[in-house]
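Report on the structure
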Amino acid sequence: MPGFLRQARWLWVSVLLVLQNAILGSNETPENQESLKGAEKLARKVCTQCHLFPSPDVLDRSTWENGALPLMHRRLGLSKLNPSGTPGERQVLADWKRICEYYIQSAPTHPLPPASREPIEVGLPWFEVTDPRYRPGQQQVSMVQVDSTNSLLYVGNAASLSLDVLDPLGHLMASLPVESPPSALVQGKSGWYLLLIGTIFPSDDPKGQLWQLKRRGTSFEKVGVVLDRLMRPTDVVCADLNQDGREDLIISASGNIHGRLSWFENLGDHHVEHVLLDRPGAIR
């Protein structure tokens, strides 16, 4: 079984245990369980196991019923539970139903008006916006890096699938075709490294790559693929972490439900991954 599938399975098993422990650990009376107040208490206990408690009025009734709650049902893996299964499964599903009823009954019929705030001002003091007319119609930028030493801009373009080199006025000087949008570019001891995110939009598919590049003047050339099957990598740092004289790599991955922060030990002819944080959210 592929590693990311094992992670997905263990994710919903872990969530099930959290929900089951939170629910079965409750000492509510049967009378309270039938009341909306009791359902709110249960929702506060269960939902805050993973995130801040969302008030029912942040969404209208239809959005809760047809959008947010079905989405959470899928993400929590509740569809994998058997309504006629173990007592724990039946209890989790019954209390999930009560939580849904609480949000649907407590939410407003129509969205509440937004709170008043200061009007948004357009523009930046002391700065003037200049349009360099860089790739008209293909301006889905995934990465920007300033090379102050050489007065160059390195731009990852998700629309043209390229790593572009621009002069200080924003004029295109060189371009390297890539397989997915660039997310980071760093210079190490053995050359340049280009991180490719795989997909811009949240995804757990391991389509990301790390390329080694060689620079000639203002342009880059691909040397080879250092790492592949990375899960939506967002940033990379070079450092000799174990002091063996070889440059290692630290890569953050922020997928959709999954993610991790890892360092890749350089063994000379290949790298070995060591997971530092096996949780989503790492972007740098």
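This section reports on the structure supplied with the text. On a predicted model such as this, the values are computed, not experimentally measured, just so you know. (Residues numbered from 1 in each chain as written. Predicted model: local features only at pLDDT ≥ 70, side-chain atom pairs only at ≥ 80, totals over all residues. Heavy atoms only, no water.)

**Here we look at the overall build of the protein**
Cut-off, in case you're wondering: Elements are defined by DSSP. Helices are runs of H or I of four residues or more, strands are runs of E of two residues or more, and each kind is numbered from the N terminus. Partly exposed residues are those whose accessible area sits between 20% and 50% of the maximum for their type, while under 20% is buried and over 50% is exposed, using a 1.4 Å probe and protein chains only. The contact criterion used throughout is that any non-hydrogen atoms of two residues lie within 4.5 Å. Reported accessibility uses the Shrake-Rupley method at a 1.4 Å probe radius. Residues are deemed covered only where the shown protein chains occlude them.
Of the regular secondary structure elements, the protein holds five helices and twelve strands. Split into buried and exposed, the 284 residues of the protein put 38% on the buried side. Counted over contacts in the protein with a minimum sequence separation of 6, partners at least 24 positions apart contribute 43%. Per element, the accessible surface of the protein, about 17200 Å² overall, is 54% carbon and sulfur.

**Observations concerning the nonpolar core**
The condition that has to hold: Only buried Ala, Val, Leu, Ile, Met, Phe, Trp, Tyr and Cys residues count toward a nonpolar core, and they belong to the same one when joined by side-chain atoms within 4.5 Å.
Ranked by size, the top nonpolar core spans 20 residues in total, and within it A43, L78 and Y103 carry the most contacts. Every element with two or more residues in this core is listed here: α3 (36-47), α4 (61-75) and α5 (87-106). Counting 15 residues, the second largest nonpolar core, distinct from the first, contains M143, L152, L196 and F220.

**Topic: the sheet that holds strand β3 (residues 162-166)**
Heads up, the condition is: If DSSP finds at least two bridges between two strands, the strands pair. Axis lines are fitted to C-alpha atoms, over the contacting stretch for helices. Their N-to-C directions set the angle, which ranges from 0 to 180 degrees.
The strand order across the open sheet formed by four strands is β1-β2-β3-β4, and the pairing between neighbours is antiparallel. Here the strands that pair on one side only, and so sit at the sheet edges, are β1 (141-147) and β4 (172-177). Between one strand axis and the next, the sheet turns by 20° as a mean value, whatever way the strands run. Pairing geometry for β3 and β4, over five bridges, is antiparallel. Each bridged residue has a counterpart across the sheet, and for V165 the counterpart in β4 is A174.

**So, the pairing of strand β8 (residues 219-230)**
Pairing between strand β7 (residues 208-216) and β8: eight bridges, direction antiparallel. Within the sheet, the bridge partner assigned to G208 lies in β8 and is L230. What sits between β7 and β8 in their antiparallel hairpin is a turn of two residues, with G217 showing a positive phi close to 65°.

**Brief notes about the packing of aromatic side chains**
To keep things clear, this is the line we draw: Aromatic pairing here means that ring centres of Phe, Tyr or Trp (its six-membered ring) are within 6.5 Å. Orientation follows from the plane angle: under 30 degrees is stacked, over 60 is edge-to-face, and everything else is tilted.
A full pass over the atoms with the stated rule returns six aromatic pairs. With centroids separated by 5.0 Å and ring planes inclined at 65°, the aromatic side chains of Y102 and Y103 adopt a geometry described as edge-to-face. Under the relative-accessibility criterion, Y102 is labelled buried at 5%. An angle of 75° between the planes, with centres 5.3 Å apart, marks the rings of W192 and F220 as edge-to-face. Here the residue W192 occupies a position in strand β6 (residues 191-196), and F220 occupies one in strand β8, the gap between them amounting to 28 residues. Neither residue differs from the other here; W192 and F220 are each classed as buried.

**Details of the packing of α3 against α5**
In plain terms, the rule: To sort the angles, those under 35 degrees are grouped as roughly parallel, those over 145 as roughly antiparallel, those from 65 to 115 as roughly perpendicular, and the leftovers as oblique. Handedness of each helix crossing follows the sense of rotation of the near helix against the far helix: counterclockwise by less than a right angle gives left-handed, clockwise gives right-handed.
The interhelical angle for the contact between α3 and α5, taken along N-to-C directions, is 110°, at an axis separation of 9 Å. Of the possible angle classes, the one that applies to α3 and α5 is roughly perpendicular. Handedness of the crossing formed by α3 with α5: left-handed. Counting all contacts with α3, which are made through L36, G38, A39, E40, L42, A43, V46 and C47, the residues of α5 involved are D95, R98, I99, E101, Y102, Y103, Q105 and S106.

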